[in-house]
Amino acid sequence: MNDRELRRLISRVRIGRLSRRGFIRRMAAVGMTAPMATQLLAYGGVAMAETNPPYKPTKRGGGGLLKVLWWQGATLLNPHFAVGTKDQDGSRFFYEPLAGWDADGNLVPVLATSIPGREDGTLAPDGKSVTWRLKEGVTWHDGKPFTADDVVFNWQYASDPATAATTNAVYKDVKVEKVDDHTVKVLFDKPTPFWALAFVGAQGMIIPKHLFADYVGDKSRDAPTNLKPVGTGPYKFKDFKPGDMVSGEINANYHMDNRPYFDAFEMKGGGDAVSAARAVLQTGEFDFGWNMQVEDEILLRLEKGGKCKVSISPGGNVEHIQLNTTDPWTEVDGERSSLKTKHPTLSDPTVRQALALLVDKSSVEKFIYGRTGNATANYVNNPERFRSKNTKYEFNIDKANDILEKAGWKKGTDGIRAKDGKKLKYVFQTSINQPRQKTQAIVKQACQKAGIDIEIKAVTASVFFSSDVANPDTYPHFYADLQMYTVTMTQPDPELFMKSFLSDEAASRENKWQGRNITRWRNKEYDDIHRAAQVELDPIKRATMFIKLNDMVVNDQVVIPVVARPAVQAMNTKLVAAMSGWDNNTWDIQNWYKEG
């Protein structure tokens, strides 16, 4: 579809001669998902569809205690320091963004009165600014008013490199101005096709200026409110035991009528995915269980009990193996995996090619994940229009052996290949989780047959995904040769997702290991293409750019994608909870309720 035809269709929607649904169907026919189609309509002057989540309660409270289970427990409750999903989801009970993403990729206003659009002038036609109108009468949990000053402060806070916020990539390239007490304007220095990033979704939660203003930059980690949140959300803070339990009670002054339904909540953390699945699906001890990374065979068996159900939501998450481009075993200036080093053997492209051939993705899907993970060759798997058709995966031990042999990696008497005194011996780490340990075993067995020695390392999930900058076993430190985990895609667009490979995003001691680029791979061509994609308003050209970026990291074996993972949760059959593959699991927590 060319640009002229696209504009004609948008014009027909605008004048009422083509329905939104009809437009989205036509976009789907050319590989575009609903989230991206709605963004195109917004730029074309068509208001975003109103999303009305199902909600039956007629009064606030009365629902008793909501018990939810995250087998990776939250370690802090400041969304700007969230390392992994469990911290983002825990923070979302208390803090809110201006808007969130529903399952269909529509923006839903939360602290904003409405979604910006061309029709009222809040979305600039040149793509260089967006204006947000804030709800009036919203208060923080301590009674202070929520205003535009809080929104501007969050930009200043997160964009300061010394704060070392995990959300820095969202805010560092924009400017935010206060228009009046309840209006802010986000300014871009170039046309920005995906404008709904700052203050939106998982990276958009807003913290109060009056409690954090004295803790910007180097003081950011000292704020007491990092552990005792004061937000605008449906629940007020009660107690927090890092890695174990988060609890809250109803916010009687919440800004949405008749919400929330539950009087209190308890978010239990720790344990493992299997025990979590049983606690929800089998015993019914909990109403909701996060991230059912459990063999599908077990889930199917537990579902037969009838007490609970498994919810599967499509999204862009991918379980993948990262290859360290730096040397994790050499310390430079007090830092391992330093950018001043390169990996002694993984820097050889033939070794990386061989490793990619030794990951039996089809078996991982068939015998471990089933419905909950599809073998993939791509890092970007959704939205579909960004999914590359140029890549493929292959499991071939003989081919891996041949590649290594021809490159001069010879087997020694111990069966391990070596060259120039360097052996192919690797530490392969991930979090403690049954599917992950089984995947590690599959990879280890294949590697052994190719003369590569793999030492398995399994780290407690609460440690591996911890935000503790002093802990060397966290995944952002990456003090191993290989590591595996799922990276979550929290917007229906890959721009932020693919910042994970930008040179200036490399995790290091200097940025407290908060950079998004964990592999420390650096490539100027990649940086330049990503920079160009940020300003490309033609959706087809932009998609081509992100496909190219995907192909670069896959074909250079910076990462080895294993399975594309939809969001898989367990919940009580009476619980009504809207899930979205593009936002927090708790993005719609204010609308959760139980049917009688």
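Let me sum up the structure you'll find in this document.

What counts as what
- Position labels on residues start from 1 in each chain and follow its written sequence.
- Only residues with pLDDT of 70 or above have their local features reported here, since the model is predicted, and side-chain atom pairs are shown and tallied only from 80 upward, although totals for entire chains, interfaces and linings are computed over all residues.
- Hydrogens are left out, water is left out, and the side-chain values use all remaining heavy atoms of the structure.
- Definition of nonpolar core: a set of buried residues of the types Ala, Val, Leu, Ile, Met, Phe, Trp, Tyr and Cys, connected through side-chain atoms within 4.5 Å.
- Accessibility here uses a 1.4 Å probe with only protein chains present; expressed as a share of the type maximum, an area under 20% marks a residue as buried, one over 50% as exposed, and anything in between as partly exposed.
- Runs of H or I in DSSP of at least four residues are treated as helices and runs of E of at least two as strands, each being numbered from the N terminus.
- Polar contact is the term for a pair of N or O atoms within 3.5 Å; when the atoms are in protein, one must be able to donate a hydrogen and the other to accept it, and sequence-neighboring residues count only if both atoms are side-chain atoms.
- The criterion used for residue contact is that any of the two residues' heavy atoms lie within 4.5 Å.
- Every helix has an expected span of 1.5 Å times one less than the residues it contains.
- We call two strands paired when DSSP finds no fewer than two bridges between them.
- An axis is simply a line fitted to the C-alpha atoms; with a helix, the fit covers only the stretch in contact. Between two such axes, the angle follows the N-to-C directions and lies from 0 to 180 degrees.
- Throughout, the term roughly parallel applies to angles under 35 degrees, roughly antiparallel to angles over 145, roughly perpendicular to angles from 65 to 115, and oblique to all others.
- Think of it as three bins: nonpolar holds Ala, Val, Leu, Ile, Met, Phe, Trp, Tyr, Cys and Pro, charged holds Asp, Glu, Lys and Arg, and polar takes everything else, Gly as well.
- Any two rings among Phe, Tyr and Trp, with Trp reduced to its six-membered ring, count as a pair given centres within 6.5 Å; such a pair is stacked if its planes are under 30 degrees apart, edge-to-face if over 60, and tilted if neither.
- The criterion is that NZ of a Lys, or CZ of an Arg, lies within 6 Å of the ring centre and within 35 degrees of the ring normal, and then a charge sits over that ring.

Membership of the largest hydrophobic core comes to 126 residues, with the highest contact counts inside it found for L98, W132, F199, Y379, M498 and W592. One finds L357, V359, L482 and I560 within the second-largest nonpolar core, a separate group that totals 32 residues.

Within the fold, A148 resides in helix α5 (residues 148-159). A148 gets classed as buried once you look at its relative accessible area, which sits at 0%. Put simply, A148 and S247 are 99 residues apart on the chain and 29 Å apart in space, counted from C-alpha to C-alpha.

Next up on the list: the side chain of N381. Here N381 lies in the loop between β12 (374-375) and α12 (397-406). For N381, a relative accessible area of 6% translates into the label buried. From its side chain, N381 meets the backbone oxygen of N378 in a polar contact 2.9 Å long. The residues touching N381, leaving out its near neighbours within four places in the chain, are V318, T376, R387 and A564.

Of note, N226 is situated in the loop between α7 (209-212) and β7 (235-241). Side-chain polar atoms of N226 contact the backbone oxygen of S220, separated by 3.0 Å. Excluding residues that lie within four positions of it along the chain, N226 makes contacts with L76, L77, N78, F81, Y157, F212, S220 and R221.

With that out of the way, let us pick up the environment of T413. Among the structural elements, T413 can be located in the loop between β13 (410-411) and β14 (417-419). Residues T413 and P242, spaced 171 residues apart in sequence, show a C-alpha to C-alpha distance of 48 Å.

This part takes up α5. Between its first and last C-alpha atoms α5 spans 17 Å; for 12 residues at 1.5 Å apiece the expected length is 16 Å, and the two agree. By the criterion of burial, α5 is predominantly enclosed, with 10 of the 12 residues buried. Listed as buried for α5 are A148, D150, V151, V152, F153, N154, W155, Y157, A158 and S159. Buried residues along α5 sit against α6 (168-171), β5 (174-180), β6 (183-188) and α7.

Turning to the sheet that holds strand β15 (residues 422-423), a few remarks are in order. Taking strand neighbours across the sheet as the criterion, the 3 strands line up as β13-β14-β15 in an open arrangement whose pairing is antiparallel. Of all strands in the sheet, those with a lone pairing partner are β13 and β15, marking the two edges. Pairing between β13 and β14: 2 bridges, direction antiparallel. Following the sheet pairing, K411 is matched in β14 by R417.

Quick look at unusual backbone geometry now. With an omega of 0°, the peptide bond between R259 and P260 qualifies as cis. Relative to the helices and strands, P260 resides in the loop between β8 (245-250) and β9 (264-269). Geometrically, the link from N382 to P383 is a cis peptide bond, its omega value of -10° lying close to zero. Mapped onto the elements of the fold, P383 is located in the loop between β12 and α12. In this model, N258 sits at a positive phi of 60°, which is unusual for a non-glycine residue. According to the relative accessible area criterion, N258 is partly exposed, its value standing at 31%. We note that D333 has phi near 55°; this positive angle belongs to a residue other than glycine. Topologically, D333 is positioned in the loop between β11 (308-323) and α10 (349-357).

Taken in spatial order, the 3 strands make up an open sheet running β4-β6-β5, and their pairing is antiparallel. Sheet topology places β4 (129-133) and β5 at the edges, where each strand pairs with a single neighbour. If you compare each strand with its neighbour and ignore which way they point, the axes differ by 20° on average. In this fold α5 packs onto β5 and β6, with an angle of close to 170° to the strand it touches most, β5.

Attention now moves to the packing of α10 against α12. Axis separation between α10 and α12 bottoms out at 8 Å; the angle between their running directions is 170°. With respect to α12, the element α10 is oriented roughly antiparallel. Contacts between α10 and α12 involve T350, V351, Q353, A354 and L357 from the former and K399, A400, I403 and L404 from the latter. Its residues assigned to classes, the contact of α10 with α12 shows 6 nonpolar, 2 polar and 1 charged.

Attention now goes to the packing of aromatic side chains. Counting across every chain of the model gives 31 aromatic pairs. Taking 5.2 Å as the distance between ring centres and 55° as the angle between the ring planes, the aromatic pair formed by Y171 and F199 counts as tilted. Note that Y171 is positioned in helix α6 and F199 in the loop between β6 and α7, a separation of 28 residues in sequence. Here the two residues Y171 and F199 agree in accessibility, since each one is buried. A network of ring pairs unites the aromatic residues W70, W71, F288, W290 and W592 as a single cluster. R259 extends its terminal NZ or CZ atom over the ring of Y55, reaching a point 4.1 Å from the ring centre.

Moving on, we get to the environment of A564. Structurally, A564 can be placed in strand β19 (residues 559-572). On a C-alpha basis, the gap between A564 and A264 in space is 34 Å, while along the polypeptide they are 300 residues apart. Ignoring anything within four residues of it in the chain, the contact list for A564 reads N317, V318, T372, G373, N374, T376 and N381.

Counting buried positions along helix α8 (residues 273-282) gives 7 out of 10 residues, so the element sits mostly inside the fold. Of the positions making up α8, those classed as buried are A273, V274, A276, A277, A279, V280 and L281. Elements in contact with the buried residues of α8: β1 (65-70), β10 (288-289), α9 (296-303), β11, α13 (434-449) and β19. The backbone nitrogen of V274 has a side-chain oxygen 3.1 Å away, supplied by the residue at the start of α8, namely D272. Backbone geometry just downstream of α8 places G284 in the positive-phi region, at approximately 70°.

Moving on: the pairing of β5. Pairing between β5 and β6: 6 bridges, direction antiparallel. Each residue of the ladder has a partner; that of V176, found in β6, is V186. Hairpin remark: β5 followed by β6, antiparallel, with 2 residues in the connecting loop.

Every regular strand shows the same layout, with side chains that alternate between the two sheet faces. Here 6 bridges tie β7 to β8, and the two strands are oriented antiparallel to one another. Within the sheet, the bridge partner assigned to K241 lies in β8 and is M245. Following β7, the chain reverses through 3 residues before pairing antiparallel with β8; G243 in that reversal takes a positive phi of roughly 80°.

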